[in-house]
Amino acid sequence: MEFDKETYQLNDNFELTIRIVPIEAEKTIKIYKNLNNIEVSFLSKGEQLGFHQELKKTFVEGPSLTGDDSQYIDEFTITKEKPFEKKLFGTISESENEIIFEIPDLKIKDKIDKSYLFENPNILVKGNCRTVYGIEGKPFKTNELKIIFK
């Protein structure tokens, strides 16, 4: 995961690039068309309890009974020189007591209580990509962002 900046203010937009690179040789991966197997979570350093995203709206648990799952899944062949990349756009907004991070393409709306950010305005962005037909996943490198607010 890579962001376009390291420091953001309230009401900023952000660009997040998801990049999946094989460890060794060429590899074929499957990604849900709705990106349902990619998870991202925004956490203050004071509340690192794990993912707290909204539940996704569509979930395909196993191979299609008809044998054709192409309506749900895209297949990509990746190499170190040509990884899978997807740019996602999000917003940072606020309510009276919370900072809100939204990424519409992933159906994510994470909230962090402002009180956690008064002492330390840095947040952690964690994520992983699960396999299409299972629960096993590989984590993305954790990012740290600074949120400036009054």
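Residues numbered from 1 in each chain as written. Predicted model: local features only at pLDDT ≥ 70, side-chain atom pairs only at ≥ 80, totals over all residues. Heavy atoms only, no water.

1. Notes on the packing of aromatic side chains
Each aromatic ring pair is described using two quantities: the centre-to-centre distance and the angle formed by the ring planes.
Here's step 1: For the structure shown, the criterion picks out 7 aromatic pairs.
Here's step 2: Taking 5.7 Å as the distance between ring centres and 55 degrees as the angle between the ring planes, the aromatic pair formed by Phe3 and Phe14 counts as tilted. With Phe3 in strand S1 (residues 2-3) and Phe14 in strand S3 (residues 13-20), this pair connects stretches of sequence that are 11 residues apart.
Here's step 3: Exposure remark for Phe3: the relative accessible area of 11% places this residue in the buried category. (Phe/Tyr/Trp six-rings, centres within 6.5 Å; stacked < 30°, edge-to-face > 60°. Helix = DSSP H or I, 4+ residues; strand = E, 2+ residues; numbered from the N terminus. Buried < 20%, exposed > 50% of the residue type's maximum accessible area, 1.4 Å probe, protein only.)

2. Remarks on the nonpolar core
Here's step 1: If you look at the biggest cluster of nonpolar residues, it comprises 32 residues, and the most contacted ones within it are Leu16, Ile18, Ile20, Val40, Phe42, Ile103 and Ile123.
Here's step 2: Listing elements by their share of this core, those giving two or more residues are S3, strand S4 (27-32), strand S5 (38-44), strand S7 (84-94), strand S8 (98-103), strand S9 (108-113), strand S10 (122-130) and strand S12 (143-148).
Here's step 3: The biggest single contributor to this core is S3, with 4 residues.
Here's step 4: Other than its neighbours up to four places away in sequence, Ile20 contacts Ile29, Ile31, Ile78, Pro83, Phe84, Cys129 and Phe140. (Core = buried A, V, L, I, M, F, W, Y, C linked by side-chain atoms within 4.5 Å. Contact = heavy atoms within 4.5 Å.)

3. As for the sheet that holds S3
Here's step 1: Taken in spatial order, the 5 strands of this open sheet run S1-S3-S7-S8-S9, and their pairing is antiparallel. The open sheet is flanked by S1 and S9, the only strands paired with a single partner. (Pairing = 2+ DSSP bridges.)

4. Some details on the side chain of Lys114
Here's step 1: Inspection of the secondary structure assignment puts Lys114 in helix H1 (residues 114-119).
Here's step 2: Contact partners of Lys114, with chain neighbours within four places excluded, come to Glu94, Ser95, Glu96, Asn97, Glu98, Ile99 and Phe149.

5. Digging into the pattern of salt bridges
Here's step 1: Evaluated as defined, the whole model comprises 7 salt bridges.
Here's step 2: In this structure, Asp12 engages Lys5 in a salt bridge whose closest nitrogen and oxygen atoms are separated by 3.5 Å.
Here's step 3: Given a relative accessible area of 19%, Asp12 falls into the buried group.
Here's step 4: Residue Lys5 is classed as partly exposed on the basis of its relative accessible area, which comes to 37%.
Here's step 5: Each of the salt bridges in this network shares a partner with another, and the network as a whole consists of Glu2, Arg19 and Glu85. (Salt bridge = Lys/Arg side-chain N within 4 Å of Asp/Glu carboxyl O.)

6. Some details on the pairing of S8
Here's step 1: For S7 and S8, the ladder comprises 4 bridges, and the chain directions are antiparallel. The residue of S8 that forms the bridge with Ser93 is Ile100.
Here's step 2: Linkage of S7 to S8, two consecutive antiparallel strands, is achieved through a turn of 3 residues.
Here's step 3: Note: S8 against S9, 6 bridges, orientation antiparallel. Considered in S9, the bridge of Ile100 is made with Lys111.

7. Some points on unusual backbone geometry
Here's step 1: One non-glycine residue with positive phi stands out, namely Leu35, at about 60 degrees.
Here's step 2: Here Leu35 shows up in the loop between S4 and S5.
Here's step 3: By relative accessible area, Leu35 is classed as buried at 8%.
Here's step 4: Even without glycine at this site, Lys107 takes up a positive phi of about 55 degrees.
Here's step 5: By the element assignment, Lys107 lies in the loop between S8 and S9.

Everything listed here is a matter of geometry and, on its own, says nothing about what the molecule does.
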